[in-house]
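Observations on chain architecture
The chain contents come next:
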Amino acid sequence: MKAQIIDGKKISGQIRENIIKEVNDLKKSHGITPGLAVIIVGEDEASCVYVSMKEKACKNVGFYSQVHKLPQNTTQNEIIDLVEKLNKDSKIHGILVQVPLPKGIDENIINSHILPSKDVDGFHAVNSGNLFLGNPSFIPCTPKGIMELIKRTGEDITGKHAVVIGRSNILGKPVSILLLRENATVTICHSKTKDLKSHVTMADIVVAAVGSPNLITGDMIKEGAIIIDAGTRKVNGKLVGDVEFDKAKDKASWITPVPGGVGPMTITMLLENTLKAAKDQCK
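Being a predicted model, the structure only gives us computed values, none of them experimental.

**Digging into the sheet that holds strand S1 (residues 4-5)**
The sheet built from 6 strands is open, its strands ordered S1-S11-S8-S7-S5-S6 with parallel pairing. The sheet is open, and its two borders are formed by S1 and strand S6 (185-189), each paired with just one other strand. Bridging between strand S7 (residues 205-208) and strand S8 (residues 226-229) involves 4 bridges; their strand directions are parallel. In the sheet register, Ile 205 faces S8, and the bridge partner there is Ile 226. The strands touched by helix H7 (residues 172-181) are strand S5 (161-165), S6 and S7; relative to S5, the strand with the most contacts, the crossing angle is about 170 degrees.

Structure (structure tokens):
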């Protein structure tokens, strides 16, 4: 069996075309332009690149965009003051605080000050709780993108055994809940899991999200499995995923590449969440 590639870049482009159309409709019908504010503290190189990509993506779909670059020595209270100001800004429908934050600043406290209606990253406790309860909420961008990629295969998730490797609050846990909501049977593996291979070899769907290059080897993959590789790490200047791609693709039915799989979907889901926030707030 030779896996079909789940092209995140192509799917992302299709979704963005629809976002552009909806933005134009929103401008014409309500005179509203979706607005996203991003706060970045310090000069972390990867964060700066990522924020620049978000700013460019906003421009390309017709959003209003603000980027607030704060120095490394900014205090927690100063960040909270800026968040509170953006909460009151009618031009801003979504607020995102780029991580990592400098040592001594608690991102959970910062996120708790963002209005749940503007929490387009889906990290506020209210949105996390609603996700758990199955209520309408903002879904964290990468898990939301992963679910979109799985659904684009056309495979029915119901009844499938999904193994999620990673238990972070921003990826592993929420994607597990989303898979449960689609009636999958879900196993969560992590750094303390014994005999990881025994779990992965039983999986109809594998979501790898730990950032450990080639942790999931080809011999672990079940014939016909759907493989979503959300782990990225640079090895010798090249981006590598958690899954041994060249061997896994010979056994899987569908697989995401790294790069070009999950990555392009994250910012697109952020745009989609911001558009939803603008629509909700204009109601």
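**Quick notes on helix H10 (residues 263-282)**
For H10, with 20 residues, the first-to-last C-alpha span of 30 Å sits near the 28 Å given by 1.5 Å per residue. Buried residues along H10 sit in contact with helix H1 (8-30), strand S2 (35-41), helix H2 (45-61), strand S4 (94-97) and helix H6 (141-152).

**A few points about the packing of aromatic side chains**
If you walk through the whole model with that rule in mind, you get 0 aromatic pairs. Between Lys 276 and the ring centre of Phe 138, over which it is positioned, the NZ or CZ distance is 4.8 Å.

Cut-off values and rules
- Residues numbered from 1 in each chain as written.
- Predicted model: local features only at pLDDT ≥ 70, side-chain atom pairs only at ≥ 80, totals over all residues.
- Heavy atoms only, no water.
- Pairing = 2+ DSSP bridges.
- Helix = DSSP H or I, 4+ residues; strand = E, 2+ residues; numbered from the N terminus.
- Contact = heavy atoms within 4.5 Å.
- Axes fitted to C-alpha atoms, helices over the stretch in contact; angles between N-to-C directions.
- Expected span 1.5 Å × (residues − 1).
- Phe/Tyr/Trp six-rings, centres within 6.5 Å; stacked < 30°, edge-to-face > 60°.
- Lys NZ or Arg CZ within 6 Å of the ring centre and 35° of its normal.

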